[in-house]
Amino acid sequence: MKRIFSLLLALALLSGCGSPAPAEPEVSPDEPLDEEEIFSLPETCPPEPLSAPAVITEGRTPSEDYALPAPSSHVKWNDFQNNMRYWATHPAIEILAQAEDAVFYALPLYANGFGGGALIRWGESLAEFDWTFCPGPNLSPPRMDCSDVDDDGEKELVIVCHLGSGTGVSKEELHILEKNPDGTLTDHAFPENLWHTQLPTLFHAARTQGRTFALLGRELVEVKKEPVVNLEAPTSGAIAHFSMYEWGGLRFQGVFALRYENGELPCYVAETSAEILYENGMFTLQDFHLYSYDQ
């Protein structure tokens, strides 16, 4: 019975502010206990923040004198969706996002047989970037906001672009533009390795008493996927979303993925989130959380 008590205590500590600890497993007093299985849940501690330098790109002078449509003073999300639909099927320049005195222009998609790019006007500044922004099945235009994300007293331009989606795939890209004293624009992009490579180092999976758990720091959720999944080498799959809040905060949303025992395809078993900090060209993930995956 001491072993059973130890298991229950471990599960209670693991629950933290995530999902509640699972109910006590039913174990017959005469049933032999597998000590290795009983103690398979690893020791836990709050995850340390993860950091990586931004991917920096200098905006370039527009390659030609484009005839740019004038921004509207009254726009709605549907207007940008309609613009994106037209842009995806015609060789046109369209406005896909606006924020204060900033405008996101999508350059012609099939120009030079290549996927257009973005032209950003911010006040008197105008810069061109080779960004990818895919309409996707939901026609998701870029999202843009002006806010002081690094608390330096100057506003930055925050832009989230949808890269693409499909079965088990949904990726976005986060850009933070800073305006230089000479009026040029510099892009600081959130590095993919931070969520795709570093974040999974915080993931753990364990099986005990016939039940499987995904663990992130002191939070855990029970995995209820069949067939049985392989617990080795959890990944972040191919899902990355970014949220912007009115008060200027940023947050990342992703997934915790395992692999099926007899297959290579990822099996999404939990959702994750983390606060994003940006300062001096560095991005940091912290305040990690784990949630049940109900899709």
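The structure presented is a predicted model; accordingly, all values stated were derived computationally and were not measured.

*Asks:* Which parts of the structure should I look at to understand the overall build of the protein chain?
*Replies:* Summing up its helical and strand segments, the protein chain has four helices and 18 strands in all. Looking at the protein chain as a whole, 45% of its 295 residues are labelled buried. Contacts in the protein chain between residues at least 24 apart in sequence constitute 56% of all its contacts with a sequence separation of at least 6. When the accessible surface of the protein chain is totalled, it reaches about 15,600 Å², and 51% of it is carbon and sulfur.

*Asks:* Help me understand the sheet that holds strand β13 (residues 219-223) in this model?
*Replies:* Paired through their backbone hydrogen bonds, the strands of a sheet run either parallel or antiparallel. Strand order in the open sheet formed by three strands is β11-β12-β13, and the pairing between neighbours is antiparallel. Lying at the two open borders of the sheet, with one neighbouring strand each, are β11 (203-208) and β13. For this sheet the average axis-to-axis angle between neighbouring strands, irrespective of direction, equals 25 degrees. Judged from the six bridges that link them, β11 and strand β12 (residues 211-216) form a sheet pairing that is antiparallel. By the bridge assignment for β12, A206 is matched with F213.

*Asks:* Looking at this structure, how should I read the packing of aromatic side chains?
*Replies:* Applying the stated criterion across every chain, the model contains eleven aromatic pairs. Judged by centre distance (5.2 Å) and plane angle (25 degrees), the rings of W87 and F133 are stacked. Taken together, the positions of W87 in helix α3 (residues 77-89) and F133 in the loop between β6 (125-129) and β7 (143-147) put the pair 46 residues apart, joining distant regions of the chain. An identical accessibility class is assigned to W87 and F133; each is buried. Look at F190 and F242: their rings are 5.1 Å apart centre to centre, the planes differ by 65 degrees, and that puts the pair in the edge-to-face class. Linking F190 in the loop between β10 (185-189) and α4 (192-198) with F242 in strand β15 (residues 239-244), this pair joins segments that are 52 residues apart in sequence. Classification of F190 by relative accessible area gives buried; the value is 5%. A connected cluster of aromatic rings, assembled from ring pairs, spans F190, W195, F242, F252, Y278 and F283. One residue, K179, lies across the ring of W122, its end atom 4.7 Å from the ring centre.

*Asks:* How do you make sense of the side chain of T212 when you look at a structure like this?
*Replies:* Counting through the fold element by element, T212 comes out in strand β12. Apart from the residues lying within four places of it in its own chain, the contact partners of T212 are A206, R207, V221, E222, V223 and L231.

*Asks:* Would you mind going over the side chain of H289 with me for this structure?
*Replies:* Among the structural elements, H289 can be located in strand β18 (residues 282-292). Of the polar contacts made by the side chain of H289, one reaches the side chain of E219; its length is 2.8 Å.

*Asks:* Quick question: what am I supposed to make of the confidence of the model for the protein chain here?
*Replies:* Do not read the fine detail of predicted coordinates wherever pLDDT is low. When pLDDT is averaged along the protein chain, the result is 83; 81% of the residues meet or exceed 70. Per-residue pLDDT stays below 50 along residues 1-39; that stretch engages in 55 contacts with residues further than four places along the chain or on separate chains.

Each value, and the rule that gives it
- Residues numbered from 1 in each chain as written.
- Predicted model: local features only at pLDDT ≥ 70, side-chain atom pairs only at ≥ 80, totals over all residues.
- Heavy atoms only, no water.
- Helix = DSSP H or I, 4+ residues; strand = E, 2+ residues; numbered from the N terminus.
- Buried < 20%, exposed > 50% of the residue type's maximum accessible area, 1.4 Å probe, protein only.
- Contact = heavy atoms within 4.5 Å.
- Areas by Shrake-Rupley, 256 points an atom, 1.4 Å probe, with all protein chains shown as cover.
- Pairing = 2+ DSSP bridges.
- Axes fitted to C-alpha atoms, helices over the stretch in contact; angles between N-to-C directions.
- Phe/Tyr/Trp six-rings, centres within 6.5 Å; stacked < 30°, edge-to-face > 60°.
- Lys NZ or Arg CZ within 6 Å of the ring centre and 35° of its normal.
- Polar contact = N/O pair within 3.5 Å; in protein donor to acceptor, adjacent residues only side chain to side chain.
- pLDDT = per-residue confidence, 0-100.

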